[in-house]
Amino acid sequence: MTWTIHPRNGDLSRTLDPVSDYTSLDLVERCNLPGTWILEGPGDSLPMFTANTGCVLYDDDKQVISGRVRIVDRMYEYDDNGVLIDKTTVGFIEDSKQLWGRVCYPDPSHTITSTPSEFAVAYDTRTGTREDLILGYIASNIGPAAPIASRRLAGLALPASLGRGGTTTRKARMDVLGDLVAEHAERAG
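Sequence positions are assigned chain by chain, starting from 1 and proceeding in written order. Given that the model is predicted, a residue must reach a pLDDT of at least 70 before its local features are reported, and side-chain atom pairs must reach 80 or more before they are shown or counted; all residues, however, enter totals for whole chains, interfaces and linings. For the side-chain quantities, the full set of heavy atoms in the structure was used; hydrogens and water were omitted.

**What about the nonpolar core?**
We define a nonpolar core as any set of buried Ala, Val, Leu, Ile, Met, Phe, Trp, Tyr and Cys residues linked to one another through side-chain atoms lying within 4.5 Å. For the exposure calls, accessible area comes from a 1.4 Å probe over protein chains only, and a residue counts as buried if that area is under 20% of its type's maximum, exposed if over 50%, partly exposed in between. Formed by 13 residues in total, the largest nonpolar core has its most connected members in Ile5, Trp37, Leu39, Phe49, Cys55, Leu57 and Phe92. To qualify as a helix, a DSSP run of H or I must reach at least 4 residues; to qualify as a strand, a run of E must reach at least 2; elements of each kind are numbered from the N terminus. For this core, the secondary structure elements donating two or more residues are strand E3 (33-42), strand E4 (54-59), strand E5 (62-78) and strand E6 (84-94). Look past the residues within four positions of Ile5 in its chain and what remains in contact with it is Pro18, Val19, Tyr22, Leu25, Leu39, Phe49, Cys55, Val56 and Leu57. Core analysis: the second largest hydrophobic core is formed by 12 residues, Tyr137, Ile142, Leu153 and Val181 among them. Only heavy atoms enter the contact rule, under which two residues are in contact if any of them lie within 4.5 Å.

Structure follows, in structure tokens:
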């Protein structure tokens, strides 16, 4: 496996050159949960990774995963010969993590305030292909056109549905968005 690591800026644009001087890369891919990875290298080879940056990992020419920096740790240690080594460790988490921090509201247009109120409906009930449902729940709860501006995820772009996955009906009420998406994606194959 030949890894290519393309750093990206906070606005998701990529830097010009891939990272070439690193000592290790440990990737943990998870089924229906966000993946994580750790990149280690000399301190002077990984300065581009700071808060709000990230990277895209490729295996040869195939994109494997993309995510944000979640921690940067720089340490100094001595090797067996007493030489001081400057080492940086950068931890990343997959972009899909945002889905597991949000819920599907019964009424995505209902504003929640400190004053108790009731939702107009008990469930956000939808019928359609599984892909339509996935994109619809994402769009309504964190998409760029979500009815409540504070719930929108900046920079999120959603594709047009291709109608994949067979037709079904789903009722959502405070379900974790990532779990709902994973469930429908898995059932759709």
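**Brief notes about the state of the cysteines**
For the purposes of this analysis, a disulfide is any pair of cysteine sulfur atoms at a distance within 2.5 Å. In the structure shown here, the tally under the stated rule is zero disulfides. Left unpaired, Cys31 is separated from the closest cysteine sulfur, that of Cys104, by 19 Å. By relative accessible area, which is 63% here, Cys31 ends up exposed.

**So, the layout of surface pockets**
Over the atoms, a rolling probe the size of a water molecule traces out where space has been left empty. The computed volume of the largest pocket comes to approximately 1000 Å³. As for the largest pocket, its lining consists of 38 residues, of which Asp95, Ser96, Lys97, Leu99 and Leu156 are closest to the centre. Looking at the lining of the largest pocket, the elements that each hand over two or more residues are E3, E5, E6, helix H1 (130-141) and helix H2 (177-188). Think of a 1 Å grid over just the protein atoms. A cavity is a set of points where a 1.4 Å probe fits yet cannot get out, a pocket is an open set with protein on both sides within 12 Å along at least five of seven lines, and lining residues have an atom within 4 Å of a point. Grid points are joined across faces, edges and corners, and a volume is the space filled by probe spheres set on the points.

**Remarks on the pattern of salt bridges**
Side chains that differ in sign of charge can pair as their charged atoms come close. Salt bridge criterion: a side-chain nitrogen from Lys or Arg within 4 Å of a carboxyl oxygen from Asp or Glu. Inspection of every chain in the model, using the stated rule, returns seven salt bridges. Residues Asp124 and Arg126 are paired through a salt bridge, measuring 2.9 Å at the closest nitrogen-oxygen approach. The shortest N-O distance in the salt bridge between Asp175 and Arg170 comes to 3.6 Å. For Asp175, a relative accessible area of 22% corresponds to the partly exposed category. Several salt bridges converge on common partners, so that one network encompasses Arg170, Asp175, Glu183 and Arg187.

**As for the environment of Glu29**
Counting through the fold element by element, Glu29 comes out in strand E2 (residues 24-30). Measuring from C-alpha to C-alpha, the distance between Glu29 and Ile65 comes to 8.7 Å, with 36 residues separating the pair along the chain.

**Considerations on the packing of aromatic side chains**
Each pair of aromatic rings taken from Phe, Tyr and Trp, with Trp reduced to its six-membered ring, is defined by centres within 6.5 Å and is described as stacked if the planes are under 30 degrees apart, edge-to-face if over 60, and tilted in the remaining cases. Applying the stated criterion across every chain yields a total of three aromatic pairs. The rule for a charge over a ring is simple: NZ of Lys or CZ of Arg within 6 Å of the ring centre, and within 35 degrees of the ring normal. One residue, Arg126, lies across the ring of Tyr137, its end atom 4.5 Å from the ring centre. Sitting above the plane of the Tyr123 ring, Lys171 keeps its charged end 5.6 Å from the centroid.

**A closer look at the pairing of E5**
DSSP bridges decide pairing: two strands pair if at least two such bridges lie between them. Of the strand pairs in this sheet, E4 and E5 are connected by six bridges, and their pairing is antiparallel. Within E5, the residue paired with Leu57 across the bridge is Ile65. Taking the residues between adjacent antiparallel strands as the criterion, E4 and E5 are bridged by two residues, where Asp60 takes a positive phi near 55°. With 11 bridges joining them, E5 and E6 adopt antiparallel strand pairing. Within the sheet, the bridge partner assigned to Tyr78 lies in E6 and is Leu84. The turn linking E5 back onto E6 is made up of five residues, and Gly82 within it adopts a positive phi angle of 80°.

**Examining the pairing of E2**
Across six bridges, E2 lies against E3 in antiparallel orientation. Among the inter-strand pairings, Leu27 is bridged to a residue of E3, identified as Trp37. If you look at the hairpin formed by E2 and E3, you'll find two residues sitting between the two strands, and Asn32 has a positive phi there, around 60°.

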